[in-house]
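Inside the fold
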Amino acid sequence: MNREEIILAIKDIIQTIAPDEDLSELKTDVRLRDQIELDSMDFLDIVMELRKRYGVQVPEEDYKELATLDGCVAYLAPHMQGKTLKVGV
Amino acid sequence: MANERYDAVVVGAGMSGLAAGIRLAQYDKRVVVLDRHALWGGLNSFYKRGGRRYDTGLHALTNWAPPGEKSTPLPKLLRQLRIPREELDLAEQGFSEVRVGGARLTFGNGSASIEEAVARAFPSEIDGFKRLVQAVKEHDPFGARPDGGAARARLAQWIHDPLLVECLLVPVAFYGSAREDEVEWDLFVVLFRSMFLEGLARPVGGIKTLLDALRRRLVECGGELRMRAGVARILLNERQAASGVLLDGGEVLECERVLSSAGRVETLRLCGLDSPAEHLGRLSFCETTSILARPTAALGHGATMVFFALDERFAYRRPNGLVDATSGVVCASDNYQRHEYGDAGVYRVTCLANHDLWSGLHDEEYAAAKLRCADEMLAAAGKVALDPRPHTTAFDMFTPKTIRRYTGPHGGAVYGSPAQARDGHVGVERLHLVGTDQGTLGLVGSLLSGVAAANRHVLMAPTT
Ligand SMILES: Cc1cc2nc3c(=O)[nH]c(=O)nc-3n(C[C@H](O)[C@H](O)[C@H](O)COP(=O)(O)OP(=O)(O)OC[C@H]3O[C@@H](n4cnc5c(N)ncnc54)[C@H](O)[C@@H]3O)c2cc1C
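On a predicted model such as this, the values are computed, not experimentally measured, just so you know. (Residues numbered from 1 in each chain as written. Chains lettered and ligands numbered in written order. Predicted model: local features only at pLDDT ≥ 70, side-chain atom pairs only at ≥ 80, totals over all residues. Heavy atoms only, no water.)

1. Here we look at the packing of aromatic side chains
Two measures describe an aromatic ring pair: the distance that separates the ring centres and the angle between the ring planes. Residue and element names in this part refer to chain B. Under the definition given, this model contains 13 aromatic pairs over all chains. Ring geometry for Trp158 and Trp185: centres 5.7 Å apart, planes at 25°, overall stacked. Linking Trp158 in the loop between helix H6 (151-155) and helix H7 (162-174) with Trp185 in helix H8 (residues 185-198), this pair joins segments that are 27 residues apart in sequence. Residues Trp158 and Trp185 agree in their burial class; the two are buried. Residues Phe314 and Tyr316 carry aromatic rings whose centres are separated by 6.1 Å and whose planes lie at 50° to one another, so their mutual orientation is tilted. Overall, the relative accessible area of 2% leaves Tyr316 in the buried class. Pairwise contacts between aromatic rings join Phe107, Phe129, Trp158, Trp185, Phe188, Phe192 and Phe196 into one cluster. Above the plane of the ring of Trp40 lies Arg215, whose end atom (NZ or CZ) is 5.0 Å from the centre. (Phe/Tyr/Trp six-rings, centres within 6.5 Å; stacked < 30°, edge-to-face > 60°. Helix = DSSP H or I, 4+ residues; strand = E, 2+ residues; numbered from the N terminus. Buried < 20%, exposed > 50% of the residue type's maximum accessible area, 1.4 Å probe, protein only. Lys NZ or Arg CZ within 6 Å of the ring centre and 35° of its normal.)

What follows is the structure in structure tokens.
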């Protein structure tokens, strides 16, 4: 998956968890929780969805790497290589 | 034949068990939620009598949040369960009251409303009360080090009139203190926020609306719900870790983890372990339901809830008699802003009761005692709200004996053990308590505790 696809993948996961959030204006370099209402329980759900959809395991000590969309891309890129984007699941 | 094998077995299909089951099933864990009874919901369920549906244990859903609010417990909970808020069809309370001695606080939802109520009834206390509200907002009741202590002593820091202190303690004690005579500060903070700063609401359709949503979600995620499947034993392996359950019918289900909402004492008993006697809860309740010929408001009583104590200092403890009708909770379900009752009133009174005395009665004594106690309770309600007797078209009542029969555990103790295991540990590996005995109370508290336990003990657990 390339950068755009990883961002799409994360946005789609957030939309599943928080259907009432507007994600169209999300900036990639600003902390997600400063832009939309996401708490630590929601981050757990992002991680669980990554495991469920892409088989990617994120250990608890690495959750902080997912704070921004850019952070997600940097951290996930190696793990998402060769995986296909799944949206709307 | 190989036994069934699950990632997690959940004992009890009450609020906490259903919520835990949903969270686990949502992430493809193989999970089954078991209950001994035919209907799910636990203490919050419903039954039919004379063609009419009665709710047990639903006066009010606490933690009301206006549409669009995202950061308070109820919307967070629904988000974790992925149940759309619309599905609950929440109707707000009209207004409610606290009546203690001669004092009366009349309040609606939200912190402005309770502040106005205090300013009206206790004008000289309002500054202190505002500081209390601030302290409640800032305190973290789930902090790593429980900041216990008695709420009564804390409240005296801000409030001088003991009657106002009592007015604040009565509703909070009734909505979830497992300790006699005492409300802990942390618990006070949680309940004060959820009842007053957030507020009270009710799903139109009653508890069934919520139970249908939970069941739908559990099944949709692939979780199993098995009713009439009582757990006779929790099985331990050679390392004394939970490894499965034995059902009443003899079937064995093997699993990685057991989450139990059966209460601390009962859960340990299922493992073959004893608990000290002081861990048994002592608080239980009687509740009457009167169906009225006309809407409650048309009969002159407009409040949704009334939390009352006839005396200025109330006794929150197991009564010496069958019931203590000097304090309690009155709920007029048809005084929510919307409801399904048409032109009938639905009026309930709840008072503290003594489980051991009730369960010691013979059948004939039991029936007569119910009538006598109902009269006491309804007369007491008449002093602070409405005496429903002249307007009643149908009537039912439950006692601690009923609670024990239908939810099994807790010795009829609705709020469970006074020795709460906050982290859910009871000293057996791979076994975690959820619900009542984790110290989180009420519907929303129990649901949240199921979510938290599933997250912490299963989803975030290192894979083995
Ligand atoms: C009269 C009354 C009024 C209430 N009113 C309100 C209210 O208005 N608002 C509010 O928020 N809260 C209210 N509550 C409190 C609320 O009902 C409880 O806090 C909550 O339901 C507890 O849920 P739980 O999942 O922890 O436990 P429970 O509901 O007790 O669930 C435990 C389940 O486990 C099952 N079980 C036990 N042992 C076994 C076994 N061995 N095998 C299989 N299954 C087993 C039981 O059958 C039960 O279904 C009220 C309670 C009562 C009694």
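More follows now that the structure is in view.
2. As for the sheet that holds strand E6 (residues 96-100) of chain B
Residue and element names in this part refer to chain B. Ordered in space as E7-E6-E14-E15-E16-E13-E17, the 7 strands form an open sheet in which the pairing is mixed. Here the strands that pair on one side only, and so sit at the sheet edges, are strand E7 (103-107) and strand E17 (392-398). The sheet shows a mean angle of 15° between the axes of neighbouring strands, direction not considered. Across 9 bridges, strand E13 (residues 284-292) lies against strand E16 (residues 345-353) in antiparallel orientation. When the sheet's bridge partners are listed, Ser290 is paired in E16 with Tyr347. H7 contacts E6, E7, E13, strand E14 (305-309), strand E15 (323-332) and E16 of the sheet and is inclined by roughly 120° relative to E6. In this fold helix H12 (residues 363-384) packs onto E6, E13, E14, E15, E16 and E17, with an angle of close to 65° to the strand it touches most, E15. (Pairing = 2+ DSSP bridges. Axes fitted to C-alpha atoms, helices over the stretch in contact; angles between N-to-C directions. Contact = heavy atoms within 4.5 Å.)

3. Let's talk about the site of the ligand
Residue and element names in this part refer to chain B. Near the ligand you find 35 residues, and of these Ser16, Asp35, Asn44, His59 and Ala60 are the closest. Arg36 is positioned with one of its backbone polar atoms (N or O) 3.3 Å from a nitrogen atom of the ligand. Note that an oxygen atom of the ligand is positioned 2.5 Å from one of the side-chain N or O atoms of Asn44. In isolation the ligand has 1,000 Å² of accessible area, and contact with the protein removes 98% of it. At 3 residues, helix H14 (residues 442-459) tops the list of elements feeding residues into the shell around the ligand. (Near = heavy atom within 4 Å. Polar contact = N/O pair within 3.5 Å; in protein donor to acceptor, adjacent residues only side chain to side chain. Areas by Shrake-Rupley, 256 points an atom, 1.4 Å probe, with all protein chains shown as cover.)

4. Focus: the interface of chain A and chain B
Between chain A and chain B, the contact holds 18 residues from the first and 17 residues from the second. Both sides of the chain A and chain B interface together cover about 1,700 Å² of buried area, and 48% of this is carbon and sulfur. Where chain A packs against chain B, one counts 7 salt bridges. A salt bridge links Arg23 of chain B to Asp45 of chain A, with the shortest nitrogen-to-oxygen separation between them at 2.6 Å. Where chain A touches chain B, the interface holds 11 residue pairs in polar contact (both at pLDDT 80 or more). Looking at which element gives the most residues to the side of chain A that touches chain B, the answer is helix H3 (residues 40-54) of chain A, with 8 residues. Taken together, the residues of the side of chain A that touches chain B sort by class into 7 nonpolar, 1 polar and 10 charged. (Buried area = accessible area lost by both parts, 1.4 Å probe. Salt bridge = Lys/Arg side-chain N within 4 Å of Asp/Glu carboxyl O. Nonpolar A, V, L, I, M, F, W, Y, C, P; charged D, E, K, R; others polar.)

5. Topic: the domain arrangement of chain B
All names here are of chain B. As far as domains go, chain B holds domain 1 (4-63 + 206-279 + 415-459), domain 2 (94-198) and domain 3 (282-407). Between domain 2 and domain 3, the C-alpha centre-to-centre distance is 24 Å. Tallying the contact residues gives 24 residues for domain 2 and 27 residues for domain 3. Interface of domain 2 and domain 3: buried area, both sides summed, is about 2,200 Å²; carbon and sulfur atoms make up 55% of it. When the buried surface of domain 2 facing domain 3 is broken down by residue, Arg99, Phe174 and Glu180 rank first, second and third, together holding 32% of it. Viewed at the interface, domain 3 and domain 2 are joined by 1 salt bridge. At the boundary of domain 2 and domain 3, one finds 15 residue pairs in polar contact (both at pLDDT 80 or more). Elements that contribute at least two residues to the side of domain 2 that touches domain 3 include exactly E6 and H7. Considering only residue class, the side of domain 2 that touches domain 3 consists of 13 nonpolar, 4 polar and 7 charged. (Domains from an automatic or database assignment.)

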